[in-house]
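One-letter residues, chain by chain:
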Amino acid sequence: MTESLALLTIFVLAAFVGVEVISKVSATLHTPLMSGANAIHGVILVGAIIVTGQAESVPVVIVGLLAVVLATVNMVGGFVVTDRMLEMFRGPGGRKKELHK
Amino acid sequence: VIGTWAQIGYLVAAVCFILALKALSSPKTARTGNALGAAGAVLAVIITFVAYKPDNLVPILIALLIGTVGGVVGSRRVQMTHMPQLVALFNGVGGGAAALVALMELDHVQDGQTVAAIATAFTILVGAISFSGSIVTFAKLQELMTTRPITFPGLPVLFVAGLLGGVAVSVWLVSEPRVLVGVLLCLLGLAVGVMLVLPVGGADVPIVISLLNAFTGLTVAAGGYVLGNTLLLVAGTLVGAAGTLLTKLMADAMGRSVFNILFGAVRGGSTLGGGTASDRPVISGSAEDVAILLGYAQRVIIVPGYGLAVAQAQHTLRDLVEELQGRGVKVDYAIHPVAGRMPGHMNVLLAEAQVPYEQLREMDEINGDFKQADVVLVVGANDVVNPAARTTPSAPIYGMPILNADEAQRVIFLKRSMRPGFAGIENELLYDPRTTLLFGDARESLAKLLASVKTV
């Protein structure tokens, strides 16, 4: 039971952290922030690798591999598309660089 | 059962995620924050391979490669106007992956592990809801189906029945953790997800993406509990909590409650709107007329909307603004929080056209300036300047904060047609005697304006 309690404690504390870290975000960044958070939950890939690595029968392995593909798309695609959005928030001078190319 | 070093490595990855979310909240640090999040994710995957020494290593690596190529190609190729649906799609596959992981883990849940069994059931049900809901969201934004709310008699009953069924099957699964029961739960979840999103109107869909994003976060957290993996637990909970708050912030920016967005259409069609154009007289002008108004103004405020993005006219607009600034006109862009299809979407689109960040002014910051503006130029926007949000309690957008374009001396609308906006309601401002309409495709109209301004 102590392990369950430890996990529950982590859950509650992480929930507070999650609310606290983004409480002062400006509307400008709502979309990139949502997209970045979306990429972070792609870390379910870790879970997909663990269960596929323990799978013994072929059908289970196939389902596991499907989960790995989906989770990777979520994680990799999520971070790349967020970077593409943020790449465009250039400060002054960013435009000059573009023109020199 | 993994080594202490792996646990500490996971802790480092979790800290990366926290710092990433923190950094993503400020424009200066956002890009670094995203890179930090990606670094944490890569670290977590490497640790997993080393610590768990998974069997089926080669197939897993191949699957990883396929997913990486798919993700990179998809996110590199997408046009920025189509970005919201891509985020929805990524969220959906994440939820699907979580549901599959939980389904496979069912075999390992032993009798007496009630909490683990509950967490497994939760992951399967909510993961499936997130998956199918996101797919419907994707279809709506991609306009593969109508963007109008879809309801039919009996939908609320079916929805509630689906939810209750989901709870009942979850209880069954907890008492009897069998894969077949899990599959049944998964199917129910898929049906509930579809019914959840069908009645939501196109304009509200971004809020739903954010909500489903939070759902997926929670499923990942529950999955972490099942696997006894603290990283999944922390990362999932972070996203679940941050996503829930973000959903509320977005809904507040639209002056709506999340409940109303989800169930408004079911309860009485408040988001349905008319969708028909009226034939009341309006004043329409030529590009030359409008160019004179703009060229001889001292202060101009631009209100960009989704129509601008659809016409891919951001670059032409920037050229027009630079021309006006060259003539000594003070020009700002007034960005409504929900301009575009997602909160913050318009900033991304204008930044893509290399509009300097400091010219983009947020609603609260610029709303006081409209009184001093000679001309407000509304490009492809409608609902965000509709005074009905202040004056007509029966309007679906009533209470939504709007840009005070109606306080300016003159208002110019660049519009394709008299068709109402996304919310499907009439805009009184269009019929105001101070308003001039310039009909046509936004890009063509702006190009004509640019040419005319150069000659006046």
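Up top is the structure.
These remarks concern the structure in this document. (Residues numbered from 1 in each chain as written. Chains lettered and ligands numbered in written order. Predicted model: local features only at pLDDT ≥ 70, side-chain atom pairs only at ≥ 80, totals over all residues. Heavy atoms only, no water.)

Here the focus is helix H7 (residues 179-197) of chain B. Over its 19 residues, H7(B) extends 27 Å from the first C-alpha to the last, a length consistent with the 27 Å expected when each residue adds 1.5 Å. For H7(B), the full list of buried residues reads Val181(B), Gly182(B), Leu185(B), Cys186(B), Gly189(B), Val192(B), Gly193(B), Met195(B), Leu196(B) and Val197(B). (Helix = DSSP H or I, 4+ residues; strand = E, 2+ residues; numbered from the N terminus. Expected span 1.5 Å × (residues − 1). Buried < 20%, exposed > 50% of the residue type's maximum accessible area, 1.4 Å probe, protein only.)

Here we take up the sheet that holds strand E2 (residues 330-335) of chain B. Residue and element names in this part refer to chain B. Sheet architecture is open: six strands sit in the order E3-E2-E1-E4-E5-E6, paired in parallel fashion. Among the strands making up the open sheet, the edge pair consists of strand E3 (360-362) and strand E6 (435-439). Adjacent strand axes in the sheet meet at a mean angle of 25 degrees, parallel and antiparallel pairs treated alike. By the bridge criterion, four bridges tie strand E1 (residues 299-304) to E2 in an arrangement that is parallel. By the bridge assignment for E2, Arg 299 is matched with Lys 330. Packed on one face of the sheet, helix H14 (residues 345-352) meets E1, E2 and E3 and runs near 140 degrees to E2. (Pairing = 2+ DSSP bridges. Axes fitted to C-alpha atoms, helices over the stretch in contact; angles between N-to-C directions. Contact = heavy atoms within 4.5 Å.)

It is worth spelling out unusual backbone geometry at this point. In most cases, non-glycine residues show a negative phi, while peptide bonds are predominantly trans. All names here are of chain B. Although it is not a glycine, Asn 56 sits at a positive phi angle of roughly 55 degrees. Relative to the helices and strands, Asn 56 is located in the loop between helix H2 (30-52) and helix H3 (57-77). Here Gln 354, not a glycine, exhibits a phi torsion of approximately 60 degrees, which is positive. Within the secondary structure layout, Gln 354 lies in the loop between H14 and E3.

One full turn of an α-helix is made of 3.6 residues, so residues set three or four places apart face in the same direction. Residue and element names in this part refer to chain B. With 24 residues, helix H9 (residues 230-253) extends 34 Å between its outermost C-alpha atoms, agreeing within 8% with the 34 Å of an ideal straight helix rising 1.5 Å per residue. Most of H9 is tucked away, with 18 of its 24 residues classed as buried. If you check the start of H9, you find a side-chain oxygen 3.0 Å away from the backbone N of Leu 231, and it comes from Asn 229. Just past H9, the residue Gly 255 takes up positive phi, approximately 65 degrees. (Polar contact = N/O pair within 3.5 Å; in protein donor to acceptor, adjacent residues only side chain to side chain.)

Interfaces are often sized by the amount of accessible area the parts lose when they come together. Contacts between the two partners involve 75 residues from chain A, matched on the other side by 93 residues from chain B. Between chain A and chain B the total buried area reaches about 7,900 Å² when both faces are included, carbon and sulfur atoms providing 76% of it. In this structure, Arg31(B) and Asp83(A) form a salt bridge, with 2.9 Å as the shortest nitrogen-oxygen distance. For the side of chain A that touches chain B, the secondary structure elements donating two or more residues are helix H1 (2-21), helix H2 (30-40), helix H3 (44-54), helix H4 (58-87) and helix H5 (94-100) of chain A. Broken down by element, the side of chain A that touches chain B gets its largest block of residues, 27 residues, from H4(A). Among the residues forming the side of chain A that touches chain B, the class breakdown is 47 nonpolar, 21 polar and seven charged. (Buried area = accessible area lost by both parts, 1.4 Å probe. Salt bridge = Lys/Arg side-chain N within 4 Å of Asp/Glu carboxyl O. Nonpolar A, V, L, I, M, F, W, Y, C, P; charged D, E, K, R; others polar.)

The next thing to look at is the pattern of salt bridges. All names here are of chain B. Overall, the coordinates contain 14 salt bridges over all chains when judged by the stated rule. Notably, a salt bridge pairs Glu 365 with Arg 361, separated by 2.8 Å at the nearest N-O pair. A salt bridge links Arg 361 to Asp 369, with the nearest nitrogen and oxygen atoms 3.4 Å apart. Asp 369 carries the same exposure label as Arg 361, and that label is buried. A cluster of three or more residues bridged by salt bridges with shared partners is formed by Arg 299, Lys 330, Asp 332, Arg 361, Glu 365 and Asp 369.

Geometric descriptors of this kind do not, in isolation, establish any biological role.
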